[in-house]
There are 4 protein chains.
Amino acid sequence: MFEYMKGMIVEAQIDKIIVEVNGIGYRINSSINSASQVKIGQVSTLFTHFVLREDEAHLYGFVDKEELAMFKKLISVSKIGPKVAAGILSTYTPQRLGAYIVSNDAQAIAKSPGVGKKTAERMILELKDKIDDSQVEYDQNFFNHENKNNNEVVDALMALGYTKHEGEQAASAVRDTSLSTEEMIRKALNWLAR
Amino acid sequence: MFEYMKGMIVEAQIDKIIVEVNGIGYRINSSINSASQVKIGQVSTLFTHFVLREDEAHLYGFVDKEELAMFKKLISVSKIGPKVAAGILSTYTPQRLGAYIVSNDAQAIAKSPGVGKKTAERMILELKDKIDDSQVEYDQNFFNHENKNNNEVVDALMALGYTKHEGEQAASAVRDTSLSTEEMIRKALNWLAR
Amino acid sequence: MFEYMKGMIVEAQIDKIIVEVNGIGYRINSSINSASQVKIGQVSTLFTHFVLREDEAHLYGFVDKEELAMFKKLISVSKIGPKVAAGILSTYTPQRLGAYIVSNDAQAIAKSPGVGKKTAERMILELKDKIDDSQVEYDQNFFNHENKNNNEVVDALMALGYTKHEGEQAASAVRDTSLSTEEMIRKALNWLAR
Amino acid sequence: MFEYMKGMIVEAQIDKIIVEVNGIGYRINSSINSASQVKIGQVSTLFTHFVLREDEAHLYGFVDKEELAMFKKLISVSKIGPKVAAGILSTYTPQRLGAYIVSNDAQAIAKSPGVGKKTAERMILELKDKIDDSQVEYDQNFFNHENKNNNEVVDALMALGYTKHEGEQAASAVRDTSLSTEEMIRKALNWLAR
């Protein structure tokens, strides 16, 4: 019902932003990511999601539509409520979280408050094909580690007679930072033989 | 509770319109019919219906009272919720839908998303006598097809000795586009013999 | 939560008033009494009562606090919902209704839409001692009828040896327009012998 | 959802304040403490708590964040609802109530409307370690009575060989106005021997 709230920022804390709209101070539960991007005394727009329960009503809101979109994806995952979702978005930006999801990095995701390994895996399972690859953002060491693994897999596949292109295609299809290089090679071979 | 919302149109998509009223962006679920009649950046009035559930609150709204009135009629039909009702109004204008209802055209109605034959028939059953005949608008081929049928029925009744007036009266009373001409003649005879 | 709504009157019908406050048209369910006292295009204050159910939210509102106070009393009576209460207030002003309640006139009350004899009697039972006698307003013929009855009772008591004061005291204590003069005399004697 | 309401004070009664924000008169349930600090006709900010039930929605609000914080602590105690909490805050300021809680003074607390001994004790049990000692404010006679007790306990402990510092430490650790001096001495000895 409330797509966004536009008003003066009165307070910004790690988990909430108070925005005054026409004399009413609305409490918007948010993330460190958004709270750090608003300025007290300035007018901002927070893109909101209205959470209504039998005996509670809360607003969650973020400074941009991407963060709100990721928040909505997270709460669509069973057993991830709005509070935990906002906590995850206080740990990772939507883009970084997207990268962990598409690269099956449950370990990284489980570092968020209130998220165990099982919930992280369920998140990956339910959201993996809902993440727009062009919107994700891998972290630097992810790239180094990832590339090292990747190259070893491609080299191995080429040693087994596959072309460089086939090797890269297979390596990227089975990319999973929680696997060792050996496991990725085996998975790539299965993928090629599918 | 909310009869209408008057504010600046910020966004218009096939199923929703965002209208800003006093700094709050309200998400109004709507129809292509209404969404195509509003202009971004202009102030418009949307006639609204507030849908409250235990853990959800939504606003549905339309550019004119007729579309809102038809929406309210549709959601009064069992098993037609607000989403399907808005979908039907994205398929047909209220006037065209009214014509299909009074002429028992379940087939045409069932072309709307989320509406099967049974729901279309239930809609006709429950709404037929709630539609204001003067407000309906038949589509062109409906008229041609309808008139052809109609004339044949009147001619047949006149051949059986009834006056033109009696023939026209009976034909219009039993008008039902799902029937063949023969079936309409038989129905008209029963109607005249009632 | 909403004590009153102050805004421009956009529509006034026998059972509802549309008031625009800051771009939002609020539908206020009301009574003929209030609807007839507001003017379209003028700013008015409606004293409101917010009715929230699991899947409905409505506002009821009236032009003065007395009518709102009587409305709240009516909905405190079991089996009288807001709709019936507003209907009663479309039949009688709060002052007239108060008079019928304190004078046990279930018959008059039952003339309101949706109110049977039993509900009227329950209303009298539950509200009689909550009505401020100074606020009630008896209708003219009530007075003539009432006074005629009253005098006959007083005369009879005086004939039986009681003083005028005692007679008037007893007659007013047992005032009940649904009783005949004889029944009131007997009731007055019991009251005096209590 | 509503952190605060800023508007013109229209009415202030012992248990409620009416504040007008943009044409809507909001009924804020409050305490004598807050109601006595607002001025009709002036703009004030009330720090609010939104109470939503299946068929009711209410706002509770106070003139400062401390009173709101204490209100939220009180309603976190089982069997203390918002109405009783506001009643307690009409009896004691948050600072005075804090003092009674940290000094286990169930007797004083139980003087609030709707609060029995058991509820007062449960309040002390559940809130004692949530009260910021620097924020409490003991009443005058509490101090005299408290100090007299305190000195007697310290003197007794010093007579038993403890230093003044140890005596004061123990006396303040076991401070409990519902205990006699003897009981406090015994409790202090146990505390010292822990």
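You'll find chain A entered in UniProt as Holliday junction branch migration complex subunit RuvA, with Alkaliphilus metalliredigens given as the organism. Checking UniProt for chain A, the heading Subcellular location contains the comment "Cytoplasm".

**Q** With reference to specific residues and values, describe the packing of aromatic side chains.
**A** Tallying each qualifying case throughout the model produces 24 aromatic pairs over all chains. Summarising the aromatic geometry, the rings of Phe 62 of chain C and Phe 71 of chain C are spaced 5.1 Å apart at their centres and angled 45 degrees between planes, so their arrangement reads as tilted. Between Tyr 92 of chain C and Tyr 100 of chain C the ring centres are 5.0 Å apart and the planes differ by 70 degrees, which places this aromatic pair in the edge-to-face class. Here Tyr 92 of chain C matches Tyr 100 of chain C in class, with each residue buried. Taken together through their ring pairs, the aromatic side chains of Phe 2 and Phe 50 of chain A together with Tyr 26 of chain B make up a single cluster.

**Q** Provide a residue-level description of the interface of chain C and chain D, including the pertinent values.
**A** Listed by partner, the interface residues are 15 residues for chain C and 20 residues for chain D. In total, about 1500 Å² of surface goes out of reach between chain C and chain D, with carbon and sulfur atoms giving 51% of it. At the junction of chain C with chain D, the criterion picks out four salt bridges. At the junction of chain C with chain D, the criterion picks out 10 residue pairs in polar contact (both at pLDDT 80 or more). No other element matches strand S1 (residues 2-13) of chain C, which puts five residues into the side of chain C that touches chain D. Split by residue class, the side of chain C that touches chain D holds eight nonpolar, one polar and six charged.

**Q** Just give me the short version of the relation of the copies chain C and chain D, but keep the residues and values in it.
**A** At an RMSD of 0.2 Å, chain C and chain D line up after a rotation of 91 degrees and a shift of 0.0 Å along the axis. Taken together, the rotation angle and the small translation identify this as a four-fold axis. Taking C-alpha positions as the reference, the residue of chain C nearest the rotation axis is Glu 54 of chain C, at 3.9 Å.

**Q** Just give me the short version of a negative patch on the surface, but keep the residues and values in it.
**A** Together, Glu 54, Asp 55 and Glu 56 of chain A, Glu 54, Asp 55 and Glu 56 of chain B, Glu 54, Asp 55 and Glu 56 of chain C together with Glu 54, Asp 55 and Glu 56 of chain D give the surface a local cluster of negative charge. Tracing the backbone shows Glu 56 of chain C in strand S5 (residues 56-62). The partly exposed category is assigned to Glu 56 of chain C, whose relative accessible area is 38%.

**Q** I'd like a description of the arrangement of the chains, backed by residues and values.
**A** Between chain A and chain C there is no contact; the minimum C-alpha to C-alpha separation amounts to 8 Å. Contact between chain B and chain D is absent, and the minimum C-alpha spacing across the pair is 8 Å.

**Q** Could you give me a rundown of the pairing of strand S3 (residues 24-29) of chain D, with the residues and numbers involved?
**A** Side chains on a regular strand alternate between the two faces of the sheet. Within S3 of chain D, five of the six residues are buried, which leaves the element mostly enclosed by the surrounding structure. Alignment of S1 of chain C against S3 of chain D, held across three bridges, turns out to be antiparallel. What sits directly across from Met 5 of chain C, in S3 of chain D, is Ile 24 of chain D. Relative to S3 of chain D, strand S2 (residues 16-21) of chain D runs antiparallel, the two being bridged by six bridges. The residue bridging Glu 20 of chain D from the neighbouring strand is Gly 25 of chain D, located in S3 of chain D. The turn joining S2 of chain D and S3 of chain D, which pair antiparallel and follow one another in sequence, is formed by two residues; a positive phi near 55 degrees is taken by Asn 22 of chain D.

**Q** Let's hear about the pairing of strand S5 (residues 56-62) of chain B: which residues, and what values?
**A** Residue and element names in this part refer to chain B. Counting buried positions along S5 yields five of seven residues, so the element is predominantly enclosed. The pairing of strand S3 (residues 24-29) with S5 spans two bridges and is classified as parallel. Within S5, the residue paired with Ile 28 across the bridge is Leu 59. Both strand S4 (residues 43-53) and S5 contribute to a ladder of seven bridges, which runs antiparallel. Opposite Arg 53, over in S5, you have Glu 56 as the bridge partner. Hairpin connection from S4 to S5: two residues lie between these consecutive antiparallel strands.

**Q** Outline the interface of chain A and chain B, listing residues and values.
**A** The interface is formed by 15 residues belonging to chain A together with 20 residues belonging to chain B. Of the roughly 1400 Å² buried between chain A and chain B, counting both surfaces, carbon and sulfur atoms make up 51%. Among the residues of chain A in contact with chain B, Met 1, Glu 3 and Tyr 4 of chain A are the three that bury the most area, contributing 49% of the side total. At the boundary of chain A and chain B, one finds four salt bridges. Two residues, Lys 6 of chain A and Glu 20 of chain B, come together in a salt bridge whose shortest N-O distance is 3.0 Å. Counting every contact that joins chain A to chain B gives 10 residue pairs in polar contact (both at pLDDT 80 or more). Mapped onto the side of chain A that touches chain B, the elements with two or more residues apiece are strand S1 (2-13), strand S4 (43-53) and helix H2 (65-76) of chain A. With five residues, the top contributor of residues to the side of chain A that touches chain B is S1 of chain A. Per-class residue counts for the side of chain A that touches chain B are eight nonpolar, one polar and six charged.

**Q** Tell me what's going on with the nonpolar core, and back it up with residues and numbers.
**A** Core analysis: the largest hydrophobic core is formed by 72 residues, its most contacted members being Tyr 26 of chain A, Tyr 26 of chain B, Tyr 26 of chain C together with Tyr 26 of chain D. Not counting residues up to four positions away in its chain, the partners in contact with Tyr 26 of chain C are Met 1 and Phe 2 of chain B, Met 5, Ile 17, Ile 18, Val 19, Val 21 and Leu 59 of chain C together with Ile 24 of chain D.

**Q** Which residues make up the side chain of Ser 34 of chain A, and what are the values?
**A** Residues and elements named next belong to chain A. As for its placement among the helices and strands, Ser 34 is situated in helix H1 (residues 32-35). Judged by its relative accessible area of 0%, Ser 34 is buried. Here the side chain of Ser 34 touches Glu 67 through a polar contact of 2.8 Å, side chain to side chain. Setting aside its immediate chain neighbours within four residues, Ser 34 contacts Ile 17, Phe 62, Val 63 and Glu 67.

**Q** With reference to specific residues and values, describe the domain arrangement of chain A.
**A** Split into domains, chain A comes out as domain 1 (4-62), domain 2 (65-135) and domain 3 (140-193). Distance between the C-alpha centres of domain 2 of chain A and domain 3 of chain A: 25 Å.

**Q** Which residues make up helix H8 (residues 164-173) of chain A, and what values do they have?
**A** Burial in H8 of chain A covers these residues: Gly 167, Ala 170 and Ala 171 of chain A. Projected down its long axis, H8 of chain A carries its buried residues within an arc of 100 degrees, all on one side.

**Q** Residue-level account of the pattern of salt bridges, with values.
**A** Enumeration according to the criterion identifies 24 salt bridges over all chains in this entry. In this structure, the salt-bridge partner of Glu 3 of chain A is Arg 27 of chain B, at a minimum N-O distance of 3.0 Å. Pair noted here: Glu 3 of chain A is in strand S1 and Arg 27 of chain B is in strand S3, and the two residues belong to different chains. The exposure class of Glu 3 of chain A is buried, given its relative accessible area of 12%. A salt bridge links Glu 3 of chain C to Lys 16 of chain D; the shortest N-O distance between them is 3.4 Å. Taken together, the positions of Glu 3 of chain C in strand S1 and Lys 16 of chain D in strand S2 put the pair across two chains. Taken individually, Glu 3 of chain C and Lys 16 of chain D each receive the classification buried, so the pair is uniform in this respect. A cluster of three or more residues bridged by salt bridges with shared partners is formed by Glu 3 of chain A together with Lys 16 and Arg 27 of chain B.

**Q** Help me get a handle on the environment of Thr 91 of chain C, residues and values and all.
**A** Residues and elements named next belong to chain C. The residue Thr 91 is located in helix H3 (residues 82-91) in this model. Sequence separation between Thr 91 and Ile 9 is 82 residues; the distance between their C-alpha atoms is 22 Å. If we skip the residues at most four places from it in the chain, Thr 91 touches Lys 111, Ser 112 and Pro 113. In terms of polar contacts, Thr 91 uses its side chain to reach the backbone carbonyl oxygen of Gly 87, at 2.9 Å.

Calculation rules
Residues numbered from 1 in each chain as written. Chains lettered and ligands numbered in written order. Predicted model: local features only at pLDDT ≥ 70, side-chain atom pairs only at ≥ 80, totals over all residues. Heavy atoms only, no water. UniProt positions renumbered as here; feature names shortened; annotations may be inferred. Phe/Tyr/Trp six-rings, centres within 6.5 Å; stacked < 30°, edge-to-face > 60°. Buried < 20%, exposed > 50% of the residue type's maximum accessible area, 1.4 Å probe, protein only. Contact = heavy atoms within 4.5 Å. Buried area = accessible area lost by both parts, 1.4 Å probe. Salt bridge = Lys/Arg side-chain N within 4 Å of Asp/Glu carboxyl O. Polar contact = N/O pair within 3.5 Å; in protein donor to acceptor, adjacent residues only side chain to side chain. Helix = DSSP H or I, 4+ residues; strand = E, 2+ residues; numbered from the N terminus. Nonpolar A, V, L, I, M, F, W, Y, C, P; charged D, E, K, R; others polar. Least-squares fit on C-alpha atoms with pLDDT ≥ 70 in both. Patch = residues over 30% accessible without salt bridge, like charges linked within 9 Å, V, L, I, M, F, W, Y side chains within 5 Å. Areas by Shrake-Rupley, 256 points an atom, 1.4 Å probe, with all protein chains shown as cover. Lys, Arg positive; Asp, Glu negative; His and termini not counted. Charge placed at Lys NZ, Arg CZ, Asp CG, Glu CD. Pairing = 2+ DSSP bridges. Core = buried A, V, L, I, M, F, W, Y, C linked by side-chain atoms within 4.5 Å. Domains from an automatic or database assignment. Arc of directions from axis to C-beta.

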